[in-house]
Amino acid sequence: MDAASRGTSYVYGIERHTLCLASLTGDTSNNRFALGTLGITEPGEIHVVDFRSDENTLQSTVYNHTSGVRALASTPWDPSHLLVVNCGRTSASSNETTTTTTGSPTSSSSLSVLAGAAVELVALSSDQEHGPENETQRIALLQPAAHTESSQYHQHQQRPVPPHAVVCHPATHSKRAAVVSTASVTIWDLSHQSEDRPAPIFTVSASTQPMTIIDDIGTAAWHPTNTNQFSTTDSTCIRTWDTRVDVHKAQGPVTMATAVDCAHSAKIRALNYNPNLPYILASGGDDGAVRIWDLRNPATALLELTNHSHWVYSVEFNPNHDQLLLSAGSDGLVNLESAVSVSSAHVVAGIGGRHSDPDASTSRRHQQASALDNIADKPRASDAEHTHGAEENSDSDSDTDDNEGAQRPADGLVAQFDDHETSVYAAHWSAADPWLFASLSFDGRMVINFVPREEKYKILL
């Protein structure tokens, strides 16, 4: 697809190394994204970038942070708050601690290591009392227990494992967050923000799951509506857990809800639920593949997309039009894929498929109806063509008209964006504009792009 049909890209660049990007999901009126710098040789920073679609301009506010930023997540309940996984140098205590960009500590003190790699809930606010510069203000410190790493590769070497990712539940009323390390996933309830050091409510690790081999956890993803369910990646496997069982009080091991063994041929680094079909899950791995699963029957993937040539770091469904799927990887590419055959549009339209759900949500049906009402006045096919198309749709075995089929979305690559020169670690949709997304590469380059207008018309019309 040529650049003209793709639209114009807008670039925000800084001369800092970056690994993490978040869409400010709590702000549904503005196209706002936050990125954090690693702070290897300089102080850490958090940049909040606002794309003004009416002016096609980028504006940013820079906040100084106490350390480098390994990962961050937006809090849906408050767009001025972020959860930040610290890395690099920090002065959180009297003893300065240094960790590598991969999260491996260089200090021999376990307590210092954990302090240097802690997860903070911070507020983005201007503090004019201490000078003209903006600073992040810590609200709470999430300090997980010191789970030790003891895998087949480290049987004789145990050390604290610092977190490398944090994921917030998308529901604004939930206020739950999952902190991820290679050895554990810890769940926190942030409903009581008066507590500056809240206690974890649930932990998945080798010690709490003695009958399950848990090694090399990559990431986690929350069920979009159920606040008690989340999924994790464990090397090449996907596991789903239910937090309604307290593993610390249970009599015996807890049985996981779902397990997809050997979901990829190499480590899984990305995971995302379809927000409109909660049983549909997308994964991306070091094998360069993006796979989509039905957790009700995960024996085989529903769909495989193989348009990356190297590791996949990020996958994300469009929250409004879930037939659109973003992926990004170490090949420097951002892929916009169509997965219409496993989307809610496919279910609601009633055009068949392997996992059609007659109990699709009423709200989703209303959304589809509203979309049709909004485009009712736009140019459309003649009445004869429309009637002919309706007759063909009533017969699932008949072939669609060639011209009609050309106007419908189909599975596969929609567009490939090569605006980056280094590994792309994240790509996220805007919370305000369903056709806009941002991507971030290691060299500090954030790029704003859009769904091509041809694909947009296929979806709307």
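Just so we're clear, the structure is a prediction, and the values are computed from it rather than from any experiment. (Residues numbered from 1 in each chain as written. Predicted model: local features only at pLDDT ≥ 70, side-chain atom pairs only at ≥ 80, totals over all residues. Heavy atoms only, no water.)

Draft legend 1. Spotlight on the overall build of the protein chain. A count of helices and strands for the protein chain gives seven helices and 28 strands. Taken across its 461 residues, the protein chain has 53% of its residues classed as buried. Here the contacts in the protein chain between residues at least 6 apart in sequence split such that 54% fall between residues at least 24 apart. (Helix = DSSP H or I, 4+ residues; strand = E, 2+ residues; numbered from the N terminus. Buried < 20%, exposed > 50% of the residue type's maximum accessible area, 1.4 Å probe, protein only. Contact = heavy atoms within 4.5 Å.)

Draft legend 2. Up close: helix α7 (residues 453-460). Those residues of α7 that sit buried are Glu 455, Ile 459 and Leu 460. Along the long axis of α7, the arc covered by the buried residues comes to 130 degrees, so they all point the same way. Of the surrounding secondary structure, the elements contacted by the buried residues of α7 are β23 (324-329), β24 (334-338) and β25 (412-417). (Arc of directions from axis to C-beta.)

Draft legend 3. Representation of the sheet that holds strand β12 (residues 184-189) within the structure. If you trace the four strands from one edge of the open sheet to the other, you get β10-β11-β12-β13, paired in antiparallel fashion. Two strands lie at the open edges of the sheet, namely β10 (165-168) and β13 (200-205), each paired on one side alone. Between one strand axis and the next, the sheet turns through 20 degrees on average, direction left out of account. As defined by bridge partners, β12 adjoins β13 across five bridges and the pair is classed as antiparallel. Residue pairing in the sheet places Trp 188 in a bridge with Pro 200 of β13. (Pairing = 2+ DSSP bridges. Axes fitted to C-alpha atoms, helices over the stretch in contact; angles between N-to-C directions.)

Draft legend 4. Region of the structure containing the nonpolar core. Core analysis: the biggest nonpolar cluster contains 17 residues, and Ile 280, Ile 292 and Leu 325 have the highest contact counts within it. Sorting the residues of this core by element identifies β19 (280-285), β20 (290-294), β21 (303-305) and β22 (312-317) as the ones contributing at least two each. By residue number, the principal contributor to this core is β22, which donates three residues. Counting residues in hydrophobic clusters, the runner-up holds 16 residues, among them Val 334, Val 424, Ile 459 and Leu 460. (Core = buried A, V, L, I, M, F, W, Y, C linked by side-chain atoms within 4.5 Å.)

Draft legend 5. Examining the sheet that holds strand β18 (residues 268-273) more closely. Read from one edge of the open sheet, four strands run β18-β19-β20-β21, paired in antiparallel fashion. In this open sheet, the two edge strands, each paired with only one partner strand, are β18 and β21. This sheet shows a mean twist of 20 degrees between the axes of neighbouring strands, independent of strand direction. When β18 meets β19, the two strands line up antiparallel, connected through five bridges. Its bridge partner lying in β19, Tyr 273 is registered against Leu 281.

Draft legend 6. Structural detail: the side chain of Asp 419. Structurally, the position occupied by Asp 419 is in the loop between β25 and β26 (424-429). The class for Asp 419 is buried, based on a relative accessible area of 17%. Separated by 2.9 Å, the side chains of Asp 419 and Asn 449 make a polar contact. (Polar contact = N/O pair within 3.5 Å; in protein donor to acceptor, adjacent residues only side chain to side chain.)

Draft legend 7. Structural context of the pairing of β26. Among the six residues that make up β26, five are buried, leaving the element largely enclosed by the rest of the structure. Two strands pair when backbone bridges link them, and β26 and strand β27 (residues 436-441) are joined in this way by five bridges, in the antiparallel orientation. Within the sheet, the bridge partner assigned to Trp 429 lies in β27 and is Phe 437. As consecutive antiparallel partners, β26 and β27 are separated by six residues.

Draft legend 8. Just the pattern of salt bridges, in detail. Within this structure, the stated rule accounts for 11 salt bridges. Arg 16 is paired through a salt bridge with Glu 45; the nearest N and O atoms lie 3.3 Å apart. Residue Arg 16 is located in the loop between β1 (10-13) and β2 (18-23), and its partner Glu 45 is located in strand β4 (residues 45-52); the two are separated by 29 residues in the primary sequence. Overall, Glu 45 belongs to the buried group, its relative accessible area being 14%. Between Asp 286 and Arg 269 there is a salt bridge whose closest N-O contact spans 2.5 Å. In this pair, Asp 286 is assigned in the loop between β19 and β20 and Arg 269 in strand β18, connecting sequence segments 17 residues apart. For Arg 269, a relative accessible area of 23% corresponds to the partly exposed category. (Salt bridge = Lys/Arg side-chain N within 4 Å of Asp/Glu carboxyl O.)

Draft legend 9. Summary view of the packing of aromatic side chains. Evaluation of the coordinates by the stated rule reveals 10 aromatic pairs. Where Trp 222 meets Phe 230, the ring centres are 5.6 Å apart and the plane angle is 55 degrees; that geometry is what we call tilted. For Trp 222, a relative accessible area of 5% puts it in the buried group. For Phe 230, a relative accessible area of 0% puts it in the buried group. Taken together through their ring pairs, the aromatic side chains of Trp 311, Tyr 313, Tyr 425 and Phe 442 make up a single cluster. If you follow Arg 296 out to its NZ or CZ, it ends over the ring of Tyr 279, 3.7 Å from the centre. (Phe/Tyr/Trp six-rings, centres within 6.5 Å; stacked < 30°, edge-to-face > 60°. Lys NZ or Arg CZ within 6 Å of the ring centre and 35° of its normal.)

Draft legend 10. Up close: the pairing of strand β7 (residues 81-87). A large share of β7 lies buried, amounting to seven of its seven residues. On β7, burial covers both faces: His 81, Leu 83, Val 85 and Cys 87 on one face and Leu 82, Val 84 and Asn 86 on the other are all buried. In this structure, strand β6 (residues 68-74) lies alongside β7, joined through six bridges in antiparallel fashion. The residue bridging Gly 68 from the neighbouring strand is Cys 87, located in β7. Remark: six residues form the turn of the hairpin made by β6 and β7, two consecutive strands paired antiparallel.

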